[in-house]
Amino acid sequence: MQPLAERLRPTTLDGYIGQQHLVGPGGVLRKMIETGRISSFILWGPPGVGKTTLAQIIAHKLETPFYTLSAVTSGVKDVREVIEKAKSNRFFSQNSPILFIDEIHRFSKSQQDSLLGAVEQGVVTLIGATTENPSFEVIRPLLSRCQLYVLKSLEKEDLLQLLQRALTTDVILRERLIEVKETTALLRYSGGDARKLLNILELVVESEGEGQPVVITDELVTNRLQQNPLAYDKEGEMHYDIISAFIKSIRGSDPDAAIYWLARMVEGGEDPAFIARRLVISASEDIGLANPNALLLANACFDTIMKIGWPEGRIPLAETTIYLATSPKSNSAYCAINDALELVRQTGNLPVPLHLRNAPTKLMKQLGYGENYKYAHDYPGNFVRQQFMPDALKAKQLWQPQLNAAEQKHKERMKSLWGELKKY
């Protein structure tokens, strides 16, 4: 018998739960499917949100050949074989055959290169699925030929709808006497993952014995999961929980906790590049200007991991983890860019002041482009006061220095340069 998650996998968009921004009325993927013409795209989102299901629904709706490759088990030879099959089937279908690649972020550069020609020529329509940021994992030429759609974790309402569907439509569960008294634990442990929710439901029901009534409570769900601990899953909920605990331990300046969570990931077989990338992000987001060397060390750690791999890679990871955890912390740069982005969204495309504009032509010079611009290096201390923000924002200040030695030094320099013009 198939697992519950497979038995409930929908075959039409009407049965698909979640991702309404993509498949709901007016959604870009729904429009694409309804027109019968799709272009290559990559689905990026956490596990259990319907990436594979969506690809299968599209293939079923368009009635086109559908090939699947897993980046974990497939090599360049497998890719080429599928492309040859697609070429032979191309004559019998108006639409290009669909090639679905699960976990495309695990494809090597050579594997991704082998796809380029087929995607460019329309031999296949590529649908990739990934839990990792494609900007880091997919080669630029391939990424530029694909649209990118972001899938979200399922909301509470989505999960409750799925739970109700499972209890009322599944051929096995609808024959059982099941009462759902509480759903908090079910929702918490599923973490927005439809497959996890159904796996937990199936585990709880089966643990009560065949033919026995089942009353689902938070206590029952918690007890059953504790008796059946979920192994570390590099694509599952614990993957995200542990990396979250790891980063928060670094942010909280607890090197002991940080190195513990690092060990959990190393022992669980986590991808070292995934850990190293998170260290680079942490160095920028949480340590920032309080200790700029943190970003240099994190980048060096990433480069080292790429060169030496496992098992020695655990050593630079540990060194960087402890260094970041014990460093002073500042998120002033992180806050500044977020505030700046919000300001841009609110104010739109404000004109660049004339004196800051480039003037490569005579007409532009006549129009005043670049006029009265003061070249900083022509003045004492390589600084002169002038306006750099748009006129409507000339008094706006976005960077707020925090209370650490490095930023206080920057603050004093800015105060000495700008005086009362900027309130640092």
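Presented here is an overview of the structure given in this document. Please read these numbers as outputs of a predicted model, since none were measured by experiment.

Calculation notes
- Residues numbered from 1 in each chain as written.
- Predicted model: local features only at pLDDT ≥ 70, side-chain atom pairs only at ≥ 80, totals over all residues.
- Heavy atoms only, no water.
- Axes fitted to C-alpha atoms, helices over the stretch in contact; angles between N-to-C directions.
- Helix = DSSP H or I, 4+ residues; strand = E, 2+ residues; numbered from the N terminus.
- Parallel < 35°, antiparallel > 145°, perpendicular 65-115°, else oblique.
- Contact = heavy atoms within 4.5 Å.
- Nonpolar A, V, L, I, M, F, W, Y, C, P; charged D, E, K, R; others polar.
- Pairing = 2+ DSSP bridges.
- Phe/Tyr/Trp six-rings, centres within 6.5 Å; stacked < 30°, edge-to-face > 60°.

Next up on the list: the packing of helix α15 (residues 272-287) against helix α16 (residues 293-308). Direction vectors running N to C along α15 and α16 enclose 170°, while the axes themselves pass 9 Å from each other. Here α16 runs roughly antiparallel to α15, going by the angle between their axes. In this structure, α15 uses Pro-272, Ala-273, Ala-276, Arg-277, Leu-279, Val-280, Ala-283, Ser-284 and Ile-287 to contact α16, whose residues at the interface are Ala-294, Leu-295, Ala-298, Asn-299, Cys-301, Phe-302, Ile-305 and Met-306. For the contact of α15 with α16, the per-class residue count stands at 14 nonpolar, 2 polar and 1 charged.

Before going further, it helps to examine the sheet that holds strand β1 (residues 41-44). Judged by pairing direction, the sheet is parallel, and its 5 strands sit side by side in the order β2-β3-β4-β1-β5 without closing on themselves. Since the sheet does not close on itself, it has two edges, and those belong to β2 (66-70) and β5 (147-150), each with one partner. Direction aside, the axes of adjacent strands within the sheet are offset by 20° on average. Pairing between β1 and strand β4 (residues 125-130): 4 bridges, direction parallel. Counterpart to Phe-41 in the pairing with β4 is Ile-127. Those strands touched by helix α4 (residues 51-62) are β1, β2, β3 (98-102) and β4, and its axis lies near 170° from that of β3.

As a further point, take the side chain of Glu-202. Here Glu-202 lies in helix α11 (residues 194-207). Apart from residues no more than four positions distant in its own chain, Glu-202 is found in contact with Gln-2, Pro-3, Leu-4 and Arg-7.

Tallying each qualifying case throughout the model produces 4 aromatic pairs. Taking the centre distance of 4.8 Å and the plane angle of 70° together, the rings of Tyr-260 and Trp-261 count as edge-to-face. Aromatic side chains Phe-383 and Trp-418 sit 5.1 Å apart centroid to centroid with 80° between the ring planes, which places their arrangement in the edge-to-face category. Pair noted here: Phe-383 is in the loop between α19 (362-366) and α20 (405-418) and Trp-418 is in helix α20, with a separation of 35 residues, a long-range link.

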